[in-house]
Amino acid sequence: MAVSPVKGFPLPLGIPFQNQSILQRPSSPCPNCNRSDSQRQQLVPRPSQEFPISLEEIRQIHGHMIRTQFRQTHPTAGHLPLLHSSPAAQLNLLISSYIKNGRPEDALRMYSLARAGEDAVLDNFTVPSLLKACAQLSRIRHGEEIHGFVLKVGLHWDVFVQNSLIHMYSECACADSARRIFEKMPERDVVSWSTMIRCFTRSRLFPEALNLVREMLLSQIPPSEPAMVSMLNLCAELGDLSIARALHGYATKNASPEAMGVNISTALVDMYVKSGCLASARRIFQLMGEKNVATWTSMVAGSVRLNQPTEGLRLLAQMQREGVASNEITVLSLAQECGATGDLKLSRWAHAYILRRGFSLSLVLLTAMVDMYGKAGDATSARILFDRMPDKDSATWTAMLSGYVKIGCIDQAFELVGLMKEAKVRLNEVTMVSLLALCREAGALELGRWVHAWIGRQGLRQDAVLATALIDMYANCGDVEAASGIFSAAGGGGGGRDVAMWNAMIGGLAMHGRGEEALRLVGQMEEDRVAPNHITCVAVLHACSHSGLVSEGKAFFRRMERELGLTPTVEHYGCMVDLLARAGMLDEAHRLIETMPLRPNVAVWGALLAGCKLHRNAALGETAAKRLLELEPGNCGYSVLLSNMYAMARRWGEVAEVRKLLRETGARKSPGFSSIELGGSLHRFTMGDDSHPQSPQIRAMVEEMMRKLTLAGYVPDTSAVLLNVDEEEKETALALHSEKLAIAFGLISTAPSALIRVVKNLRVCGDCHTATKLLSEIYQRDIIVKDRNRFHHFSRGACSCGDYW
DNA sequence: ATAGGGTTAG
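Every value quoted in this text rests on a predicted model; they were computed, and no experiment measured them.

1. A word on the overall build of chain A
Across its full length, chain A carries 40 helices and six strands. Within chain A, buried positions represent 50% of all 805 residues. If you take every contact in chain A between residues at least 6 apart in sequence, the share linking residues at least 24 apart comes to 64%. Working note: accessible area of chain A is about 37000 Å², and carbon and sulfur atoms make up 52% of it.

2. What to know about the packing of aromatic side chains
For the structure shown, the criterion picks out eight aromatic pairs. Between tryptophan 349 and tyrosine 353 the ring centres are 5.5 Å apart and the planes differ by 15°, which places this aromatic pair in the stacked class. In this pair, tryptophan 349 and tyrosine 353 both sit in helix α18 (residues 344-356), four residues apart, roughly one turn of the helix. Taking the relative accessible area as the measure of exposure, tryptophan 349 reaches 28% and is therefore partly exposed. Relative to tryptophan 397, the ring of phenylalanine 386 lies with its centre 5.1 Å away and its plane at 85°, an arrangement referred to as edge-to-face. Of this pair, phenylalanine 386 sits in helix α20 (residues 379-388) while tryptophan 397 sits in helix α21 (residues 394-407), placing them eleven residues apart in sequence. Accessibility classification places phenylalanine 386 together with tryptophan 397 in one group, the buried group. The positively charged end of arginine 188 is found above the aromatic ring belonging to phenylalanine 182, 4.1 Å away from the centroid.

3. A look at the UniProt feature "repeat: PPR" (unreviewed entry) in chain A
With numbering matched to this structure, UniProt assigns "repeat: PPR" (unreviewed entry) to residues 189-223, 292-326, 393-427 and 498-532. Structurally, residues 189-223 comprises 74% helix and 0% strand, and the distance from its first C-alpha atom to its last is 10 Å. From the first C-alpha to the last, residues 393-427 spans 10 Å; its make-up is 77% helix and 0% strand.

4. Focus: the confidence of the model for chain A
The pLDDT averaged across chain A works out to 80; a share of 80% of its residues lies at or above 70. This stretch, residues 19-33, has a pLDDT under 50; its non-local contacts, to residues over four places away or in other chains, come to 28 contacts. Counting interchain partners and residues more than four positions distant, the pLDDT-below-50 stretch residues 35-54 has 36 contacts.

5. Here's the deal with the pattern of salt bridges
Where charged atoms from two side chains of opposite charge approach closely, those side chains can pair. Across all of its chains, the model carries 25 salt bridges by this definition. A salt bridge links aspartate 270 to lysine 274; the shortest N-O distance between them is 3.2 Å. Pair noted here: aspartate 270 and lysine 274 are both in helix α13 (residues 262-274), with a separation of four residues, about one helical turn. Judged by relative accessible area, aspartate 270 falls into the buried class, the value being 18%. Assessed through its relative accessible area of 32%, lysine 274 is described here as partly exposed.

6. Structural notes on the side chain of threonine 195
Summarising the element assignment, threonine 195 is placed in helix α9 (residues 190-202). Judged by relative accessible area, which is 12%, threonine 195 ranks as buried.

7. What to know about helix α39 (residues 738-748)
The element α39 is largely enclosed, with a buried count of ten among its eleven residues. Looking only at α39, the buried set comprises Ser738, Glu739, Lys740, Leu741, Ala742, Ile743, Ala744, Phe745, Gly746 and Leu747.

8. Let's talk about the packing of helix α15 (residues 293-305) against helix α17 (residues 328-341)
Look at α15 against α17: their axes get within 9 Å of each other, and the N-to-C directions meet at 10°. Taken together, the axes of α15 and α17 lie roughly parallel to each other. Of the residues in α17, those in contact with Val293, Thr297, Val300, Ala301, Val304 and Arg305 of α15 are Ile329, Thr330, Ser333, Leu334, Glu337, Cys338 and Thr341. Residue composition of the contact of α15 with α17, grouped by class: seven nonpolar, four polar and two charged.

9. Quick notes on the environment of valine 127
Mapping valine 127 onto the fold places it in helix α5 (residues 126-137). The buried category is assigned to valine 127, whose relative accessible area is 0%. With 32 residues separating them along the chain, valine 127 and isoleucine 95 place their C-alpha atoms 9.7 Å apart. Beyond its immediate sequence surroundings of up to four residues, valine 127 is in contact with Ile146, Phe149, Val150, Leu155 and Val161.

Criteria and cut-off values
- Residues numbered from 1 in each chain as written.
- Chains lettered and ligands numbered in written order.
- Predicted model: local features only at pLDDT ≥ 70, side-chain atom pairs only at ≥ 80, totals over all residues.
- Heavy atoms only, no water.
- Helix = DSSP H or I, 4+ residues; strand = E, 2+ residues; numbered from the N terminus.
- Buried < 20%, exposed > 50% of the residue type's maximum accessible area, 1.4 Å probe, protein only.
- Contact = heavy atoms within 4.5 Å.
- Areas by Shrake-Rupley, 256 points an atom, 1.4 Å probe, with all protein chains shown as cover.
- Phe/Tyr/Trp six-rings, centres within 6.5 Å; stacked < 30°, edge-to-face > 60°.
- Lys NZ or Arg CZ within 6 Å of the ring centre and 35° of its normal.
- UniProt positions renumbered as here; feature names shortened; annotations may be inferred.
- pLDDT = per-residue confidence, 0-100.
- Salt bridge = Lys/Arg side-chain N within 4 Å of Asp/Glu carboxyl O.
- Axes fitted to C-alpha atoms, helices over the stretch in contact; angles between N-to-C directions.
- Parallel < 35°, antiparallel > 145°, perpendicular 65-115°, else oblique.
- Nonpolar A, V, L, I, M, F, W, Y, C, P; charged D, E, K, R; others polar.

This is the structure in structure tokens:
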């Protein structure tokens, strides 16, 4: 994710960092007891026994302390000399032992016992341990209680206590509380700074985190090793290579690659991986002396992520040979990265690897695999895994749901929502985002509004992602005003808007043909110091294309590289070709394809072909169609267009040839669907669908529609119907097109004022457009049709969509 | 006694 204030950020990298953390204690006396630190420490006898002590011993002491209520009434157990020390020291020892033995729950239970007994037993040594337990368990309520206790008994002067509070709030995702403590600290040590940097990084408050790094270095505080790691982690999240290189240089100035320490080296590897520079990551990796699981994990996952899956698998094997065992985190990130590639074969390999290595299939790991199959497009495998899982949590359900939505299995997704309701799955922010994505795909505005209201009722935190999902849902379901409302509200709060949110709003305006507004928004975005990214540029070019803003689009395309520092990708060229071709500048569009530095893909040639059909240029269209058939031999849509093109040029021999080829290959168009939402329920239709309960009435309505259309002078354009049947059957097919069924249902609806809002997942069908325009005039009704990512508003026969037809 | 690499669902 790009954040604008980061660009060219000057890091004052002059101070050497400390390899060992230097513990700095404030030397001022405690304001409460007026004793100096050393005096206070003498008051607290130190335990003589060394860590770690066994769990069994801890249980014994625990039992003893409960019996004696933390008082030294029975100094019985001679082999446990620590019982002779003060209650506070005993409690502290016990709590830290529990934490060291991985039992933070017991540590907190001890705290409750202590509270039930005597407040005073907790001191400034005990509190940090307890807060660490709260942090590990994300127990914000416990943490706040301890915070209250700290204020009550006056321990807040202690830097260690304050640092621990910051850490606790950081781990509980309460950046605001952490920041309040940090800002009020009269004295800060390097731990305060690094913890706060980590906190801001975790909360994705990158500008704040970077400011802190700068302040810290300007205050001449030498970063410790953990501080260095925090800074590297921050940079990993920023993904900014120039800052990454600066920090890398800074780290090497202070330690040779061999002596750097495995934590910093691993953080460096991870930073380069996340900044997309595998070569640099590999260089560090090869120079490293000691490597651990984390180092290997980072490198394996990074190779898969950065398009080198074979290298990733090779490293996995090498890791094993060198005697480093992969752990659950290794396979979790493997599954995640394999899914992200969308490569089903690779994902299956990862699944097999996990089974072969005999990993216990935990809830988290299985959820990751469900998600992986969903992302790789294999809904069946995902569902099989999902159904076999004995336990599922909201993450599992959400993974399955988002998989269905991503693959486009709308029916299964809705079925799953029903099952979720039955299973009483707890819904959280992430589930809501998936549900909103489902609403977007299905065009279910009412359901989307319900989700929105539900979010408010449940008091779910409306973070940037959720707000973006809402904007996206409203825009894609046709309520661009509601999207705009959410967008404005998100700007008012302190959170600010990130690139994704701006992109969603700009894209939303683009698909409603509001190009000028979209362009204005980019200007505002830059004033807000949010840097446009590749996706922003796609949205802007889209907006220009759909609003006929040719010169503006060209200007933006030039600006992209010169001023925004973004190299156009093949998608941007596709948008430019679309912009030019739609406007009839076909030769210029063709020249752009010929001169572009990238290999043109389907979208690029497809945009040219659509323009050729629109402006009736058969010669160039033929070129485009041939290229498309080379790229995607199985796609019959292009063959149909090509045959139409030949027909236009009266080259009947070639028309027959293409048709014959189509018949032989048995190419079929995947069935499209249209949906309409009325009275809060969603009705979906496919071509010739008669499964709807009101199907007879709908059929009757379609007949009436067709009669009236013919009377109005409508002649069906059957050229886009792909069936090897005679013309009459084609006309029937066109009449029973899913969009017409949906519109018919809208017209017979008992709520006559209801807006007819049809969403279809088909490619633009020129005939439907013409017919719909006429229908809106005949029936004097507003009809809104969404076709892929474009809205067409028909009002009494006029279409305001900005597109050329 | 406090901070530190790799960690499921958007």
